[in-house]
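# Summary of structural features
One letter stands for each residue in the lines below.
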Amino acid sequence: MAVGPVVIGVNRARDGSIALARGPGSVHSLQKERITRRRHHRGRLGDLPDHYLPRLPPLAGPVDLVVESYSSDAELDDLAAYRAELRETLGLGPDTPVVLLSRHLSHLYSAFPPSPFEEAAGLVVNAQGSRAGDLLEVSSFYRCARGPAGYRVECLAEQLWDGDWARPAGLGCFSALLTRMLWPSGEGDAGQVTDLAPFGDPDALGLPGLDVRGHEVFIPQAWLDTFAQGAAFRYVVNGGSTFKRSANLAAAGQRVFERALDELVAWLHRRTGLANLVFAGVTALNRPAVGRLIRESPFREVFVPPSPHDGGTAIGCALYGMIECLGVDSAFRWTDDFLGPDPDPAEAEAAVRALPEDLAAERPADLAGATARLLADGRTVGLHQGRSESGPRALGHRSVLADPRVPELRDYVNAEVGGREWFRPLAALVAAEHAERIFELDRPAPFAQYAAGVRPGHRDALPGVTHVDGSARPQTVRPDTTPFLHGVLSRWHALTGCPVLAGASLSGPGEPLAETAEHAIGTLRRTGLHALALPPYLIRKRDEPPVPGEDWQPPALPL
C-alpha cells in the first residue's frame with residue numbers, strides 16, 4: 001500500500017546523520033556515531049554505503065527527493081562527489097531532485113513543524129552554520145505559522161560572522177570557547193559546563209556580561225583575554241587544586257550565557273508579540289538555560305526538540321523537503337524521540353545465543369519486576385529496547401537505571417559505567433503521575449531537556465539525582481510512550497515507595513549511546529554494569545561487580 005512520498009534528509013556536518021520521512025507521519029533517523037562508535041562523528045563520503053544503508057534498509061527503496069545540509073567546512077567543495085554517491089547508492093533516477101538547505105533552516109524545520117504550535121517565534125543559535133556569502137550563520141530569528149494555506153516562515157534577522165576565531169562573535173561561539181577552555185582536548189560538551197557551574201562562584205573572576213545589541217551578541221575583551229590563557233582553567237581529573245578555578249569559570253560563563261539568551265529571547269518576543277517559541281541549535285541543549293526560559297521568558301510556551309543539535313538537522317531536511325518542496329503537510333510531531341531503525345528481533349536473539357561464557361541470560365515471566373528487584377538490591381541495570389533515541393539523551397530505550405536514594409550509586413555510575421566526571425548528576429526518571437509532587441514542574445518533561453528544582457521535602461531522599469544547587473534533570477515517563485520503563489517505575493515504586501529512578505546513557509566511557517544489542521552487551525561486559533534488560537531477556541554477569549554502598553566506595557572528592 002502506498003505511504004506517500006519518500007524524502008531523505010542528510011546532515012553532512014558534526015554529528016553526521018540521516019533521516020527518512022515516508023508519507024505524512026513516518027520518520028526514522030540515525031546518527032553516524034551510533035554505528036562507528038565515535039562521538040560527534042562528522043559526515044563524510046562513504047557514509048551512505050558503509051554505515052547508513054546497512055542499518056536502515058528502507059533507504060534503498062524508491063526515493064522522491066533528497067535534501068542535504070552542510071556546515072561551513074570544506075565538505076561542500078566535494079558536492080559533486082556526494083551527489084554521485086547519493087545517486088549510485090540509493091539508485092536515484094536521473095530526475096530525482098537533490099536540494100541543498102542551509103544549516104539554520106534545517107534546525108528550524110526540525111523544531112517548528114513537529115512542535116505542538118500553529119504559530120511560533122523561532123530561534124536558532126549555534127557556533128557556526130552554513131555560509132551566507134562570505135559570512136557564517138551564528139543566530140537566526142523567525143516568525144512561523146501553519147494553516148490551510150500551508151506554512152509561512154519569515155526570517156526576521158540574523159547574526160553573521162566572518163569565521164575568524166581571533167574575533168569570535170555570537171552566543172554559540174561563546175559557548176564553544178567556554179567548553180574548549182575547560183576541556184581543550186575537544187572531549188567536553190556544554191553539559192559538562194552546566195553541571196560544573198553550580199560548584200563555582202560566578203563573581204570570583206570579575207568577568208563582565210556579554211555585549212548584547214538587539215539580536216546580536218558580542219564577546220567582551222575581558223572574556224577573550226581569559227580564553228587566551230591556555231590551560232589556566234583546564235578541568236583536570238582529580239585536580240583538587242584547580243577544581244575551584246575551573247568551576248568559577250564555568251559559573252561565570254553559564255550566568256552570562258543565560259542572561260544573554262534572555263535578552264535575545266526578549267528581543268524576539270518584542271518583534272513578534274507571539275505566545276510561543278521554538279528553540280534549536282546546539283545551545284538548546286543547555287538544560288539550566290532552557291529551564292530559565294520556560295520559567296521566566298515572556299513567551300507563554302517554549303518548545304525544544306529532543307534533537308536540537310546538528311544530529312537533528314537531517315530530520316529538519318527531510319521535513320523541509322516534504323513540506324516545502326513536495327507540498328505535503330507533515331503530521332509528524334515530537335511525541336517521543338524513538339526514531340531509530342525498527343528493531344529486528346532476530347538480531348537480539350542472535351546476540352543472546354552468542355553470549356560469552358561470562359554472561360548468563362534468563363527470560364523472567366515479569367521482566368519489569370525482575371529489573372526493579374535488582375535495582376532495589378543496589379544493582380545497576382542497562383536497558384536496551386525498541387527504536388533508539390535520535391537525540392543525545394537516553395530516554396528509556398538506551399538507558400542505565402539505578403537507585404536515586406543511594407549517593408554511592410550516582411558515583412558508581414559516573415566512575416564505573418560512563419567514565420564521567422564525579423560532579424555530573426544523573427537524570428531523574430519519574431512516572432508522570434508523580435512528577436509535580438517531587439519536582440518543581442508545571443508541565444511534562446518527556447525529553448529531559450531542562451533543569452527543575454527538586455522540592456525541598458524530597459532532596460535529602462534523592463541524593464543520586466539532586467544536584468548541588470537543588471536542581472534535577474527530570475524526565476517524565478508515561479505508559480503510552482515508554483510502557484516498559486513505566487512498568488519498571490511502577491514496580492520499583494511498589495517495592496520501595498519511591499517513584500523516581502536515576503538514569504544515564506547506556507554507553508561506556510567516551511562512547512555514544514549503544515545502538516545495537518551487540519553494542520549493549522559489549523557495554524555490559526566492559527563496564528561496571530551489573531545486568532542488562534534486553535526484552536524479553538535479563539542478562540547478568542556470572543562474576544558480579546562490587547555493589548555500591550556494600551563493597552564499593554567512591555574515590556575521595558577533589559575539593
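So, a few notes on the structure that sits alongside this text. Model, not experiment: these values are computed from the prediction.

### Some thoughts on unusual backbone geometry
Only a minority of non-glycine residues have a phi that is not negative, and only a minority of peptide bonds are not trans. Put simply, Pro 535 and Pro 536 share a cis peptide bond, and its omega is 10°. Along the chain, Pro 536 turns up in the loop between strand S22 (531-534) and strand S23 (537-541). With a phi angle near 55°, Asp 15 is a residue other than glycine that sits in the positive phi range. Structurally, Asp 15 can be placed in the loop between strand S1 (6-11) and strand S2 (17-22).

### Details of the sheet that holds strand S4 (residues 65-69)
Strand pairing in a sheet takes place through backbone hydrogen bonds and is either antiparallel or parallel in direction. Across the sheet, five strands lie side by side as S3-S2-S1-S4-S5; this open sheet has mixed pairing. The strands lining the two open edges of the sheet, one partner per strand, are strand S3 (26-31) and strand S5 (98-101). On average, adjacent strands in this sheet sit at an angle of 15° to one another, irrespective of strand direction. As judged from the five bridges shared by S1 and S4, these two strands associate in the parallel manner. Pairing of Ile 8 across the sheet is with Val 66, part of S4.

### Describing the packing of helix H4 (residues 103-111) against helix H10 (residues 313-325)
Where H4 contacts H10, the axes come no closer than 7 Å and their chain directions differ by 80°. With respect to H10, the element H4 is oriented roughly perpendicular. In this structure, H4 uses Arg 103, Ser 106, His 107, Tyr 109 and Ser 110 to contact H10, whose residues at the interface are Thr 313, Gly 316, Cys 317, Leu 319, Tyr 320 and Glu 324. Split into classes, the residues belonging to the contact of H4 with H10 amount to four nonpolar, five polar and two charged.

### Section: the pattern of salt bridges
Under the counting rule described, the total for this entry stands at 32 salt bridges. Salt-bridge contacts for Glu 75 lead to Arg 44; the nearest nitrogen and oxygen are separated by 3.6 Å. One end of the pair, Glu 75, is in the loop between S4 and helix H3 (79-90); the other, Arg 44, is in the loop between helix H1 (33-36) and helix H2 (47-55), and 31 residues separate them in sequence. Judged by its relative accessible area of 31%, Arg 44 falls in the partly exposed class.

Scoring rules and cut-offs
- Residues numbered from 1 in each chain as written.
- Predicted model: local features only at pLDDT ≥ 70, side-chain atom pairs only at ≥ 80, totals over all residues.
- Heavy atoms only, no water.
- Helix = DSSP H or I, 4+ residues; strand = E, 2+ residues; numbered from the N terminus.
- Pairing = 2+ DSSP bridges.
- Axes fitted to C-alpha atoms, helices over the stretch in contact; angles between N-to-C directions.
- Parallel < 35°, antiparallel > 145°, perpendicular 65-115°, else oblique.
- Contact = heavy atoms within 4.5 Å.
- Nonpolar A, V, L, I, M, F, W, Y, C, P; charged D, E, K, R; others polar.
- Salt bridge = Lys/Arg side-chain N within 4 Å of Asp/Glu carboxyl O.
- Buried < 20%, exposed > 50% of the residue type's maximum accessible area, 1.4 Å probe, protein only.

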